[in-house]
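# Descriptive analysis of the structure
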Amino acid sequence: MLSRRHFLHFTGLGGLSLAGLPLIPGCPTGVPGPSAPSPDPLPDDPSKPWWLRKNFAPVDESEARDLAIVGALPPTLSGLYLRNGPNPKGVDSPHWFVGDGMVHGILLDRGKAPWYRARFVQTPVLGGARRGEGPPGLTEHQASTGILGYQGRVFCVQEVGLPYEMKKDDLSTIGPYDFSGKLKTAMTAHPKLDPVTGELMFFAYGLSEPIITYHRCDANGALVQTETIPVPNALMMHDFQVTETRVVFMDLPMLFDLDRAIAGDPLPYVWRPESGARLGVMPRAGTAADVKWVEVDPCFVFHTWNAWDDPADPDVVHLEGVRFPSLWEKGSSDFNTSGTPHRFSIDLARAKVSLTKLDDRFVEFPRINPARQGRGYRYGYGVTTTLEPSEPGATPALNQILKYDWVAGNTVVHALPADQEAGEALFVQDPQGTAEDDGWLLAYVFSRATRRSHLLVLDATDVAGGPVAKVELPGRVPHGFHGDFLPTGA
């Protein structure tokens, strides 16, 4: 066996674009050779905001075939790796989170990489287009945050509207998907799939009224439950979690501001710690009356690793994620505060939450082995940085991939070369493996030296070791958000 070495667009208006370069002239496969021309200079117009510069800047659609591979792709790593992100098409974007969705995909097939494609999600607002007047509908968003392989379909998701379905074979857009007319709200960018029951759980949050709407699909993909849960304020809730038996909601003080929305703020949310913060726990098939709310110190959480029921105490639920002590105090384009890994231990009987800091480092894009979703787990993955932000308030480029062993209490670091920057590191399980970390980490990595990107493949059991393989790409993959892997046959 081989060694395995984000009115809004978080709310639903206009767009940003990050994609790929066209095929390189004179290179039939699209793979740059030694004499291939250098790519265009890296965009760095100082008059533009940081999310439109350097490797945050958008690219055009592109594709390439028969990609060159450095190292050896494991033959059991076969399937389609997809990653979504904001990439404004032909227009400037007023916020990093507000850009047209572009999906970058690489097909991996028994040791080869037959194709790479970068395709826009074809929505009614692509390139700044608008339909009608007034607030956007459930289809008028950019579908630019996450991506989900589900029941043989591919969904591009952004929490302000319906998912957009995309074809697996060529990444063309099919259109919005509403679960046979049953889905009447938006769908979160972070749905949760139970690896044992096959149930899919997700939620939406209301802007015109302060509610959370929880949805649950059965193993056949049918939407079988919709529950409306009132909350005190119209909030932003980017993520949530599930255990084997429960759902965990995060009512945190990042609140919708109508005046800012009317004034044209692309992301009209404000930090209001005086409103309080709390976590809500509900049975997976429960109703609003079943939610138990427990207060916590004000904070914000974009992303979580996992949640699970405490095996020793049925009244305790653990939630792990990246906790920001405050956020956007100077406006929604200001990322001066840092999130660090924390565990929230929710004691429902005593109505208290114990908080444990797990690491002092700024970490984002947490991932796990999806087979451990909602269960106790040992390994968590994320990305961090030793680089300084390009300007005050900017999100820094990420240059280290982390593996946490929560049981042993240690962390392994894969430090990229000095000129390289990474996106989210996605765990993909080896179908022949048995241990929780038997598999690989996949991440798009950009080189400032070559101004091109590659797909990095790491052995998840040896994260600090050298790459298993690199799949070379013809141009840039701009920094984006979240991905998924669809194994061959899925």
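Residues numbered from 1 in each chain as written. Predicted model: local features only at pLDDT ≥ 70, side-chain atom pairs only at ≥ 80, totals over all residues. Heavy atoms only, no water.

## Notes on the nonpolar core
Counting 82 residues, the largest nonpolar core has Phe-97, Phe-249, Phe-300 and Trp-328 as its most contacted members. At six residues, strand β20 (residues 300–309) tops the list of elements feeding residues into this core. Of all hydrophobic cores here, the second largest spans 27 residues; its members include Ala-64, Ala-118, Tyr-444 and Val-471. (Core = buried A, V, L, I, M, F, W, Y, C linked by side-chain atoms within 4.5 Å. Buried < 20%, exposed > 50% of the residue type's maximum accessible area, 1.4 Å probe, protein only. Helix = DSSP H or I, 4+ residues; strand = E, 2+ residues; numbered from the N terminus.)

## Describing the layout of surface pockets
Of the voids in this model, the largest pocket is the one considered here, and its volume is about 1,100 Å³. Lining the largest pocket are 47 residues, and of these Leu-148, Leu-193, Arg-367, Pro-370 and Asp-484 lie nearest its centre. Secondary-structure elements contributing two or more residues to the lining of the largest pocket are β6 (146–150), β10 (192–193), β20, β24 (364–367), β29 (426–429) and β33 (483–487). Each residue belonging to the lining of the largest pocket can be placed in one class, and the counts come to 23 nonpolar, 16 polar and eight charged. (1 Å grid on protein atoms, 1.4 Å probe; cavity = no way out; pocket = protein on both sides within 12 Å on 5 of 7 lines; lining within 4 Å. Points joined across faces, edges and corners; volume = space filled by probe spheres on them. Nonpolar A, V, L, I, M, F, W, Y, C, P; charged D, E, K, R; others polar.)

## Describing the sheet that holds β10
Here we have four strands laid out as an open sheet, ordered β10-β11-β12-β13, and antiparallel in their pairing. Sheet topology places β10 and β13 (223–230) at the edges, where each strand pairs with a single neighbour. Both β10 and strand β11 (residues 200–205) contribute to a ladder of two bridges, which runs antiparallel. Residue pairing across strands places Leu-193 opposite Leu-200, the latter belonging to β11. (Pairing = 2+ DSSP bridges.)

## Things to note about the packing of aromatic side chains
Applying the stated criterion across every chain yields a total of 30 aromatic pairs. Aromatic pair Trp-305 and Trp-406: ring centres 5.5 Å apart, planes at 80°, arrangement edge-to-face. With Trp-305 in strand β20 and Trp-406 in the loop between β26 (400–405) and β27 (410–415), the pair connects residues that are 101 residues apart, well separated along the chain. What makes Trp-305 buried here is its relative accessible area of 2%. Taking relative accessible area as the criterion, Trp-406 reaches 16% and is therefore assigned buried. Judged by centre distance (5.5 Å) and plane angle (15°), the rings of Tyr-381 and Phe-427 are stacked. Here Phe-427 lies in strand β29 and Tyr-381 lies in strand β25 (residues 379–384), a separation of 46 residues in the sequence. A residue is classified by how much of its surface remains accessible, and Phe-427, at 4% relative accessible area, is buried. Pairwise contacts between aromatic rings join Trp-50, Trp-51, Phe-56, Trp-96, Phe-97, Phe-300, Phe-302, Phe-324, Trp-328, Phe-335 and Phe-481 into one cluster. (Phe/Tyr/Trp six-rings, centres within 6.5 Å; stacked < 30°, edge-to-face > 60°.)

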